[in-house]
Each structure stands twice: as structure tokens, then as C-alpha cells.
Amino acid sequence: RYSRLHHVCEAPGKEDSVINDSRPYEISLVDSKSCKEHNDALKLTAGNSEGEISPYQPRPPSLPRLSKSSKTGSVEETVRTRRLRNSQESLSDPAETGSSTDSLKEDQTVPAPGVAMVRNHNSNVRPLSAVTTRSPGFRDRGNSLSEFESRPCSQQSDPIDQWVRSTKVRLSPVQPTGPLPALEKSFASATLRAANRIDRDCLDYSVLAKEKLGERLHRNLSDSRLLENMGSDSASVNSLRSTYSVLSPIRPQDVRNRSFLEGSVLGNGALLGAEELDRYFPDRRLGIYIATWNMQGEKGLPPNLDDFLLPTDSEFAQDFYIIGVQEGCPDRREWETRLQETLGPYYVMLYAASLGVLYLTVFVRRDLIWFCSEVEHATVTTRIISQIKTKGAVGIAFTFFGTSFLFITSHFTSGDAKIYERILDYNKIVEALGLPKDLPDTNPYRSTPSDVTTRFDQVFWFGDFNFRLSKDRVDVEAIMNRTVEGDMGPLLEHDQLSKEMNDGSIFKGFQEAPIHFFPTYKFDIGCDIYDTTSKQRTPSYTDRILFRNRQAGDIKVVKYTSCSSIKTSDHRPVIGVFHVKLRPGRDNIPLGAGQFDRGLYLEGIRRRITRELKRREAMKSQGSSTICTLS
């Protein structure tokens, strides 16, 4: 069948008897890839191996073409060119007015008479004109077929080149009409996935450390700062989280060499080192929620403590919850259980201490208990003779990563004119509070033996300080009535605590956030009216939260306000939210090894489940209907 083609390839000297064309040409070998493409294109026209002849099977011409201008050749070429033009117009016509049948048949078009088929070393058959002459479609991929057809006839190639073009049509790429809009870093696309992206957390961090010295490696897949320099969407992040764990992978060699109880005294690889700190706190900021409340010794607790610990105006919950209570309820365990029930399963009680009716409780996120040291506490009583210890202080200290914390709640002497006695209470507490005990001082060169607050990096002191407003009640109420938009400056001009702090006689080195709430003392129980008893006590800012840090700017105030919805006492609770700077540490401290009050945790969760079941049952019984159910 292809004997004549073999004859042409084996006897190049007889090419003039096959092709009577005056144009010079040359034969060049093509690579195996292009030969394979042309071979696949001719498979449709080759027929099967049983000898069946396809109507479009290429066959050599019976007689050599004598002239281009012969009548028969011109008619056949005209018909073939017209069919080719119609098929190409059907591909380029946006209205699709062309014939799709002709377009499909054109891929199997018989080569023009007189086209020699050349066979290379891979035995792939391809027309000679595809090698000798390059069509505009191969020279310039950006040109469309419509542009080629619109050229003058003198600039268009012959029908042989048009047949080559039709065997592998290349459509022009769509070019934008104007500049593309800037791509935002956060965009929504359900089709984008991160399956083919290798995240830096999946690589060996030691290799990356060698390649980029000095660059901090973020190994937390949920860290949003990984996406700062790349365009990404929520779908990609969700796909990544579903493929990989949020926790970093651990190599067997690390498991063999590492002990969480002993750890490493070096910064590299330590449990409290920079690597773990950056994994849990990429910005090295810890959220602390502090609440202080004088409960007035009431046995009945508020039915709901959500507004006290989880206010709705906060976007996120915090990492630490520190609650200090003065004149607490008689059942301290019940109070702690109510706190656990309110905070839920995300938090565990790290430690609790008390002095009489002074309660101090520390709750932390359960994921963070491994990075806490052993917790220490101390108490100081300012009334030794009194059998019921109502005045004094309770302190709790521990180290979190490389930052040491001290939390103190206290109750000072009451009375409008007893400023000096309250200063004595403060001095006795800072001198007698014996902390730390076994915990190492993170900066002993800046510590003072006579002041416990200088021995820790971050100190929070809160409670009922009992400092009053040195003004008559009538004048105070007149100032409060003139107060607009939370400007409490006129009231604070008469505040005893602010005056003593400015004079340096108390709370040396401490700061307080600006006050934008009304005085929290003294109210009638159950309402928002200040004291209507015969004593007619002056409204005052007795409940305060103060803080001190070793490095300036380590503590940032997020919120400082009062909780007006808790009305079971003559005091309103005061809450503060702070962001505290953290520093990496070394595993040279006694670690807490994840200890917490497990019994309290289980009891709090059991109460939450019981409360939720009762609520659903009540809603089901009250909102049931034959038509619908209200929820």
C-alpha cells in the first residue's frame, strides 16, 4: 500500500517524477514527540490491520501531477480549500454559523495530490509540506484563524499548508481588554485546593533553617501569618487542615531523646523554648481575663455567670481566667464548680487558694497546662486578732514558658477616712508575701527583697481596696449627672487611690487603665440605685485592677469595665482584659506536668449537660405544636 512512498524515500533522485513543484524544499528530522503527534493524527486514516480500506485512507496518486494550473487539480483544490475555509470559520465564528460536520471531517482530510509522505527513523508518516513550509499557525500562536483568513490571497499559504493547519488547530488565547484587577489576599473560591502545594511545615525544619538563617519558622498550620505573602482562600485552608493535622509531626528520634519532665536546658528543642512558644502564640501575646468581685457574703449565687465571665461584647475568649473574690460565699467549692460550669470543657482549674472568705482561682485553657510550672501560693492576714479573716491578701505565682506571673487579690481596711490604714495593709502585704518559693527568678538583678512585686515579670493586683471619693454624696451625684460619654475625669479628681499613687505612697510602679464606668460601690441589692440606707454612703471606686511589668509595654489593656448585670451584692464586679507579652524559657524549672482539678472538671461538665437537657426539655414542652416546634 505504501510501496510508492517507500520508493520515494529510498530514491530521492526520483522526486521530480512524483512532485512537479518548482519551490525549493528541504527535509528535516523531527523529534520523537512531534512524530508521535502526527502519527496519532494519521491513525484515523490508516484503517485497520485486516485490510479494510477507509474512504479517507491516504493513497499515493495514480499519476503524477503535471501542472498546478490543470483543470482537474484546480477544481479539486478549490473544493478542498472551500471545505477547509468553512471548517475553520466554524471554529472561529462566534455565532457558530459554520458546519460542525465539515469541521469534524476535516481532521480526516485526504492529503492533497502530490504531497509526499516522509518516513523518519521512528517510522512516523507525515506530509512533506509540514516539514518544508511552516504555516503561520506554527510561527505565531497568537494569531487567530480569522486573522489568517482575512489576509490577501497573495499572503496566504497554499492549500497544502491549509491542510496542515486543519490537522492541528491552534486557537488564539483570549486577551484581556484592559488591565486586570489587583488580586486580594483573601478571596473565595470553592475550586482552589492546596493539594499540590507543599507547605513549609511539611518540610524538615532543620533544612529550612540552613537555607534561611535567622528566619523564624512558623510550624502551626492554623497560623494566619503563613498566608501573608501568598494569595489564598478559605477553601484552600480548609483543605489543608483536612489533610494535615494542626499539630506538627514528631520524628521517632525526637520521641526517644525528649522528656517533658526534664526537657532541655537549652533554648533549642525545649518544651518552654521559642519553637513551642511560636507554635502556640505566633505573636507571643497571651490573653488574660481578670475579674474581681466583693460578693458581700451572700449564700445565693447569681443564676447565670455568663455575663460575668463571657460577655457578649468580646470577640474571643481569653487564655487565662483569674477570678478574685472578697467576702465570698460560705461554700467555696460550690463557687469553683459554678465557675467551671460557666467556662465549660475548654478550660480547667489550674489552681485555687483562699484566706478565710478571700478566694483566688486560676483557670487556663486545657491545651496550655503543659507549659505551666508548679503553682505556688501565699497568704497574708492584716487582721491577726479577728477570727474570721476578711482582710488580707492571697497570691498565686507560676511561670508560663519563660514569663513569670504573680496574681494578688486583697481586701483592705474599710472606712472613708482610713487612708493611712490602707497604706499599711499594702506595705505589709508586699513585704510578707513569701513568693516565689521554689520557682527561679527570671531576672534576679531587678528584684527587691522587700517588695514581692519586683520578683516577677508580670504582676496583677486586684480586689476591694476600699479607697473612696473624697467628696460629699450630693456633689458626687451632681458630677455623675453631668457626666457625658463615660468621661469620669471629674470624679477621679477626688479619688483617694489615684492621689496616693501619684504621690508614690502606694502601689509603686503599678498602672491602671482609664476608667470609663460609674462607681461600683455602694448599691442596693437587686437594683441600680446607690445606697439608700441611713448611712447614705458615697459612691466610690473601691474595686480596682492594677498591673505592673518589668519591661515597658509588655501589658496591653484591651478592656476595663464593670459588669452591671450582676446585682446580688452591693458591689458591681470589675473585669479587665489584657494582652501580655510572652518570652521563651528553658526547662530548668519544676513543671506542673499537666496537673489540674479533675474532679471539679467532671462535675462542671456534668452540670452543663444536665442544664442543657433541662433547657431542651422545657423548650420542647412549651413550644410543642401540631404544626411546628418553636426553638
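Residues numbered from 1 in each chain as written. Predicted model: local features only at pLDDT ≥ 70, side-chain atom pairs only at ≥ 80, totals over all residues. Heavy atoms only, no water.

**Some points on the overall build of the chain**
We apply this condition: Secondary structure follows DSSP: runs of H or I at least 4 residues long count as helices, runs of E at least 2 residues long count as strands, and numbering of each begins at the N terminus. Relative accessibility thresholds used throughout: buried, under 20% of the residue-type maximum; exposed, over 50%; partly exposed, between the two (1.4 Å probe, protein chains only). Residue contacts follow a heavy-atom distance rule, with two residues in contact if any of their heavy atoms lie within 4.5 Å. Note on areas: these come from Shrake-Rupley sampling with a 1.4 Å probe, and a residue is covered only by the protein chains present in the view.
In terms of helices and strands, the chain carries 19 helices and 13 strands. Within the chain, the proportion of its 631 residues that are buried is 44%. For the chain, contacts bridging at least 24 residues in sequence account for 72% of all contacts bridging at least 6. Summed over all atoms, the accessible surface of the chain reaches about 34500 Å², with 52% contributed by carbon and sulfur.

**Thoughts on the sheet that holds strand β11 (residues 543-549)**
Heads up, the condition is: Any two strands are treated as partners once DSSP identifies two or more bridges connecting them. Helix axes are fitted only over the stretch in contact, all axes being lines through C-alpha atoms; the angle between N-to-C directions runs from 0 to 180 degrees.
Spatially, β7-β8-β9-β10-β11 is the arrangement adopted by the five strands of the open sheet, whose pairing is mixed. Looking at the sheet topology across the chains shown, the edges are occupied by β7 (376-381) and β11. This sheet shows a mean twist of 15 degrees between the axes of neighbouring strands, independent of strand direction. Here seven bridges tie strand β10 (residues 458-464) to β11, and the two strands are oriented antiparallel to one another. Bridge pairing links Gly463 to Arg544 in β11. Across the face of the sheet, helix α15 (residues 419-432) comes into contact with β7, β8 (392-400), β9 (403-411) and β10 while running at roughly 145 degrees to β7.

**A word on the sheet that holds strand β4 (residues 320-326)**
Read across the open sheet, the six strands follow the order β5-β6-β4-β3-β13-β12; overall the sheet is mixed. Every interior strand has two partners, whereas the edge strands, β5 (347-355) and β12 (555-562), have only one. In this sheet, neighbouring strand axes are inclined to one another by 15 degrees on average, regardless of whether the strands run parallel or antiparallel. One ladder, built from eight bridges, connects β5 with strand β6 (residues 358-365); its direction is antiparallel. Bridge assignment links Met349 to a residue of β6, and that residue is Phe363.

**Some points on the side chain of Gln318**
Tracing the backbone shows Gln318 in the loop between α13 (306-309) and β4. Judged by its relative accessible area of 11%, Gln318 falls in the buried class. When sequence neighbours within four positions are dropped, the list of residues in contact with Gln318 reads Gly287, Ile288, Tyr289, Tyr347, Arg365, Val577 and His579.

**Comments concerning the packing of aromatic side chains**
Where we set the bar: Note on aromatic pairs: the rings of Phe, Tyr and Trp (six-membered ring only in Trp) are paired at centre separations within 6.5 Å, and the planes decide the class, stacked below 30 degrees, edge-to-face beyond 60, tilted for the rest.
Taken as a whole and judged by the stated rule, the model has 32 aromatic pairs. Plain terms: the ring middles of Phe281 and Phe401 are 6.3 Å apart, the flat faces sit at 90 degrees to each other, and that makes the pair edge-to-face. Taken together, the residues span a long stretch of sequence, with Phe281 in the loop between α12 (274-280) and β3 (285-294) and Phe401 in the loop between β8 and β9 at a distance of 120 residues. For Phe281, a relative accessible area of 6% gives the class buried.

**Considering helix α16 (residues 473-482)**
Which entries qualify depends on this criterion: Arc definition: it is the arc formed by the directions from the helix axis to the C-beta atoms.
Inspection of α16 places Arg473, Val476, Ile479 and Met480 among the buried residues, and these make up the whole buried set. The buried side chains of α16 occupy one side of the element, clustering within an arc of 125 degrees when seen end-on. Every exposed residue of α16 that faces more than 90 degrees away from the buried side is listed here: Val474, Asn481 and Arg482. Check the buried side of α16 and you find it contacts α17 (489-492).

**Section: the pattern of salt bridges**
Threshold: The working definition used for a salt bridge is a side-chain nitrogen of Lys or Arg within 4 Å of a carboxyl oxygen of Asp or Glu.
Applying the stated criterion across every chain yields a total of 28 salt bridges. Within this structure, Arg332, Arg333, Glu336 and Asp597 form a network of salt bridges that share partners.

**Observations regarding the environment of Asp416**
Rules: Residues adjacent in sequence count toward polar contacts only when both atoms are side-chain atoms; beyond that, a polar contact is any pair of N or O atoms within 3.5 Å, and within protein one must be able to donate a hydrogen and the other to accept it.
Within the secondary structure, Asp416 is located in the loop between β9 and α15. In this structure the C-alpha to C-alpha distance between Asp416 and Arg537, which are 121 residues apart in sequence, comes to 9.1 Å. Once residues lying within four places of it in the same chain are set aside, the contact partners of Asp416 are Arg422, Arg468 and Gln496. A polar contact of 2.7 Å, which involves the side chain of Asp416, links it to the side chain of Arg468.

**Comments concerning the pairing of β11**
For β11, the tally of buried residues reaches seven of seven residues, placing the bulk of the element in the interior. Residues of β11 alternate between two faces, with Asp543, Ile545, Phe547 and Asn549 on one and Arg544, Leu546 and Arg548 on the opposite face, all of them buried.

**Some remarks on the environment of Leu492**
If you trace the backbone, Leu492 turns up in helix α17. Measuring from C-alpha to C-alpha, the distance between Leu492 and Tyr541 comes to 8.8 Å, with 49 residues separating the pair along the chain. With residues near it in sequence (within four places) discarded, Leu492 still touches Ser498, Ile515 and Tyr541.

**Remarks on the confidence of the model for the chain**
Where we set the bar: For every residue, the pLDDT score states the predictor's confidence, bounded by 0 at the bottom and 100 at the top.
Confidence in the prediction of the chain, expressed as mean pLDDT, is 74, and 59% of residues score 70 or more. Per-residue pLDDT stays below 50 along residues 87-149; that stretch engages in 119 contacts with residues further than four places along the chain or on separate chains. Note on residues 212-245: pLDDT under 50 across the span, and 67 contacts to partners over four residues away in sequence or across chains.

**Focus on the UniProt feature "transmembrane region" (unreviewed entry) in the chain**
Here is the rule: UniProt positions are given in the numbering used here, feature names are shortened, and annotations may be inferred rather than shown by experiment.
Under the present numbering, the feature "transmembrane region" (unreviewed entry) in UniProt falls on residues 346-364 and 393-412. Helix makes up 0% of residues 346-364 and strand 84%, with an end-to-end C-alpha separation of 9 Å. Overall, residues 393-412 shows 0% helix and 85% strand. The separation of its end C-alpha atoms is 9 Å.

**Description of the environment of Asp475**
Inspection of the secondary structure assignment puts Asp475 in helix α16. Remark: the alpha-carbon pair of Asp475 and Thr538, spanning 63 residues in sequence, is separated by 9.6 Å.

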